[in-house]
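# Overview (structure and organization)
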Amino acid sequence: MTPNDNPFARDHDLCSDHCGEHPTVWDLPHVPLGLKREWLRLETRRQFLGKGVQALGWAGLATLLGRNGVAQAAESAMATRPALVPNFAPKAKRAIYLFMAGSPSQFETWDYKPMLYDMVDKDLPESVRGGQVLTGMTASQARFPIAPSIYKFAQHGKAGHWVSELFPHTAKVVDELCILKSLHTEAINHEPAILQITTGNMFPGRPSLGSWLSYGLGAINEELPTFVVMTSKMPHRTNVQALSNRLWSSGFLSPEHAAVALRAGSDPVLHLNNPKGIDGDVRRAMISGVNDLNRQLFERVGDPEINARIHQYEMAFRMQTSVPELTDFSNEPASTWDLYGPKAKEPGTYAYNCLMARRLAERGVRFTQIFLRSWDQHSNLPKNIRLMAEESDQPTYALLTDLKRRGLLDDTLVIWGGEFGRTCYSQGTLTAENYGRDHHPRCFSMWMAGGGIKPGTTFGETDDFSYNIVKDPVHIRDLHATILHLFGLDHNRLSVKFGGLDSRLTGVLPAQVIDAILA
């Protein structure tokens, strides 16, 4: 081809001569003007200078390797993943994160505070509050009346864990749990708090926990995504928090590490099925053709995101076979439905998603995250938290039981919890049957099970008001460091250069692995 034959010849000033024996820009794959201008528009000064320095090296290398050698070297140098080897022997191979969005109250779940019954409707002492800044929803209240839970607690299991009567099924497997009662966060509102616990940072644009695990360890099963997310139907709609894909995005990591969202119904992954008139052979030929073009484009510009695009096309093609098999529950025995309950047959429910999570774990999906919303109970808490417990208790118990009897719990980490805690005082009017609770970041409860966690234990303590931590505080950074440790990853070494920093899930502040909860 000559410049006169090429429709993009007028743009040759934006191209460059790469290498070889007197090649011209017309020998290389061509890039439309609009796309070139978009790349130039997105180029930051730091990226420009950084790549300019690299270009000096490439220029010298070009004369030695030829065009194909440069492409191979560029692909190697720009690889976005570490050697997929744990830093030490892992105890967990996969994780299932049951995320209770909106923040369940610790007073009605795992942090039993009997002394509050002697202080019902009395004001929270200022010495306990300690001048804490409150949300706008309660800061103007004339008083802060203490509201003990109306639900009873009892001790269960060999460990004697105190468990609310709202969770009779989970109480049966309490000896598998490690209950953390001393988590804390800086965020007092939902969006930054959920971002912090899912991505390690209160600001959007960071990779999520599942993305870091995908980046650090890669896939177990190449036929399915490494990271899957599901959002569950809600039993009621009160103070519903919006969920967005920035909670499970790959941030500044390659897009291949972002979660694939499974939807309810006959089309669990959008645009996965072939359209009418297109069979598998035609689709394979189309993907191969597009990927050939993408490989040529990579040789032309050396952008590693192009290789991520190729990876995603290939994954989508493989998922055309693996996803229908994954979502076909017809071979599940009657005992499965008895275990998970009748709602497990309804796509999109929390029970259905828990069963799906077990099937994903069986098939080697590294990280599965299930979101269940409507735990944000500023008012009518006794009624609404009962609805949420009824929706989630049996399926959660079923998932743990199912994993254990299949021999999967030992190397599958299960996590249950929300983004922060709740206040011991009532938001709004307190009555004998009704109250609400505001946000409380100073302490909250979660539990973990399996995957190298010491079962039948508790960690951390709060004061009599579950307002302040009095023993063994656990920051979100510590939680993340511990999860990575269970997968054989050192949180200080799992990092990527971004924004001038060695960016990590745990950030730049100190984080500690919680050794006391490790089996």
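Note that this is a predicted model, so its numbers are computed, not measured.

## Here we look at the overall build of the chain
A count of helical and extended segments in the chain gives 12 helices and 17 strands. Across the 519 residues that make up the chain, the buried fraction comes to 50%. Of the contacts formed within the chain by residues at least 6 apart in sequence, a portion of 78% connects residues at least 24 apart. A total of about 23400 Å² of accessible surface is found on the chain, and carbon and sulfur atoms cover 53% of it.

## Overview of the pairing of strand β2 (residues 153–156)
With 4 bridges joining them, β2 and strand β3 (residues 161–164) adopt antiparallel strand pairing. Each residue of the ladder has a partner; that of H156, found in β3, is H161. Hairpin remark: β2 followed by β3, antiparallel, with 4 residues in the connecting loop; positive phi at G157, about 75°.

## Some thoughts on the packing of aromatic side chains
Using the criterion set out here, one finds 17 aromatic pairs in the structure. Here F144 and Y425 contribute two aromatic rings whose centre-to-centre distance is 4.9 Å and whose plane-to-plane angle is 65°, an arrangement assigned as edge-to-face. With F144 in the loop between α3 (126–129) and β2 and Y425 in the loop between β9 (421–422) and β10 (439–440), the pair connects residues that are 281 residues apart, well separated along the chain. Residue F144 shares its accessibility class with Y425, and that shared class is buried. Centroid distance W248 to F371: 5.5 Å. Interplanar angle 50°. Geometry classified as tilted. Of the two residues, W248 is situated in the loop between β5 (227–231) and β6 (260–261) and F371 in strand β7 (residues 367–372); the sequence distance between them amounts to 123 residues. Here the guanidinium or amino end of K172 rests over the ring plane of Y397, the centre of that ring lying 5.2 Å away. A cation sits over an aromatic face here: R284 above F317, 4.7 Å from the ring centre.

## Section: the nonpolar core
As a rule of thumb, nonpolar side chains are buried together in soluble globular proteins. Within the largest apolar cluster, 58 residues are counted, with the highest numbers of intra-cluster contacts made by L98 and W447. Structurally, this core is a two-domain feature, drawing no fewer than three residues from each of domain 2 (94–264 + 347–517) and domain 3 (273–332). If you look at the next biggest cluster of nonpolar residues, it comprises 50 residues, including F99, A187, L253 and I476.

## Section: the pairing of strand β1 (residues 94–100)
Most of β1 sits inside the fold, with 7 of its 7 residues counted as buried. Here β1 shows a buried face lined by R94, I96, L98 and M100 and a second buried face lined by A95, Y97 and F99. By the bridge criterion, 6 bridges tie β1 to strand β8 (residues 412–417) in an arrangement that is parallel. The residue bridging L98 from the neighbouring strand is W416, located in β8.

## Let's talk about the packing of helix α10 (residues 350–362) against helix α11 (residues 381–405)
Their axes nearest at 8 Å, the elements α10 and α11 cross at an angle of 15°. Classified by the interaxial angle, the pair formed by α10 and α11 is roughly parallel. Pair α10 / α11 crosses with right-handed handedness. Mapping the contact onto sequence places Y350, A351, C354, R358 and A361 in α10 and E391, S392, P395, T396, L399, D402 and L403 in α11. Tallied by class, residues from the contact of α10 with α11 come to 7 nonpolar, 2 polar and 3 charged.

## Things to note about the environment of L177
Here L177 shows up in strand β4 (residues 177–184). Sequence separation between L177 and G456 is 279 residues, and the spatial gap between their C-alpha atoms is 5.3 Å. Those residues within four positions of L177 in sequence are excluded, and the remaining contacts are H161, T170, L400, W447, M448, A449, K454, P455, G456 and T457.

## Looking at α11
The end-to-end C-alpha distance of α11 is 35 Å, a good match for the 36 Å that 25 residues give at a rise of 1.5 Å each. Where α11 bends most, the angle comes to about 30°, and this point is S392, followed within four residues by the proline P395. Looking one or two residues past α11, G407 carries a phi angle of roughly 75°, positive in sign.

## Here we look at the side chain of R94
Along the chain, R94 falls in strand β1. Engagement of the side chain of R94 in a polar contact is seen with the side chain of D411, the distance being 2.7 Å. Not counting chain neighbours up to four residues away, the residues in contact with R94 comprise A361, V365, R366, L408, D411, T412, L413 and F487.

## Some words on the pattern of salt bridges
Using the criterion set out here, one finds 24 salt bridges in the structure. A salt bridge links R143 to D123; the shortest N-O distance between them is 3.0 Å. One end of the pair, R143, is in the loop between α3 and β2; the other, D123, is in the loop between β1 and α3, and 20 residues separate them in sequence. Of the residues examined, R143 reaches a relative accessible area of 35% and is grouped as partly exposed.

## Quick look at helix α12 (residues 476–486)
Most of α12 is tucked away, with 10 of its 11 residues classed as buried. The set of residues buried in α12 consists of I476, R477, D478, L479, H480, A481, T482, I483, L484 and L486. On its buried face, α12 sits against β4, α5 (190–199), α6 (209–217), β8, β11 (444–449) and β15 (474–475). Once α12 ends, the next one or two residues include G488, with phi positive near 85°.

## Topic: the environment of K471
Relative to the assigned elements, K471 resides in strand β14 (residues 469–471). Considered as a pair, K471 and E461 are 10 residues apart in the sequence and their alpha carbons are 5.0 Å apart. Those residues in contact with K471, other than ones at most four positions away along the chain, are S182, G460 and E461.

## Some points on the confidence of the model for the chain
When pLDDT is averaged along the chain, the result is 87; 84% of the residues meet or exceed 70. Note on residues 1–29: pLDDT is under 50 here. Beyond four places in sequence and across chains, it has 43 contacts. Across residues 61–80, confidence stays below pLDDT 50; counting only partners more than four residues off in sequence or on other chains, it has 28 contacts.

Thresholds, definitions, all that
Residues numbered from 1 in each chain as written. Predicted model: local features only at pLDDT ≥ 70, side-chain atom pairs only at ≥ 80, totals over all residues. Heavy atoms only, no water. Helix = DSSP H or I, 4+ residues; strand = E, 2+ residues; numbered from the N terminus. Buried < 20%, exposed > 50% of the residue type's maximum accessible area, 1.4 Å probe, protein only. Contact = heavy atoms within 4.5 Å. Areas by Shrake-Rupley, 256 points an atom, 1.4 Å probe, with all protein chains shown as cover. Pairing = 2+ DSSP bridges. Phe/Tyr/Trp six-rings, centres within 6.5 Å; stacked < 30°, edge-to-face > 60°. Lys NZ or Arg CZ within 6 Å of the ring centre and 35° of its normal. Core = buried A, V, L, I, M, F, W, Y, C linked by side-chain atoms within 4.5 Å. Domains from an automatic or database assignment. Axes fitted to C-alpha atoms, helices over the stretch in contact; angles between N-to-C directions. Parallel < 35°, antiparallel > 145°, perpendicular 65-115°, else oblique. Left-handed = near helix turned anticlockwise from the far one by under 90°. Nonpolar A, V, L, I, M, F, W, Y, C, P; charged D, E, K, R; others polar. Expected span 1.5 Å × (residues − 1). Bend = angle between axes of the 7 residues up to and from the residue. Polar contact = N/O pair within 3.5 Å; in protein donor to acceptor, adjacent residues only side chain to side chain. Salt bridge = Lys/Arg side-chain N within 4 Å of Asp/Glu carboxyl O. pLDDT = per-residue confidence, 0-100.

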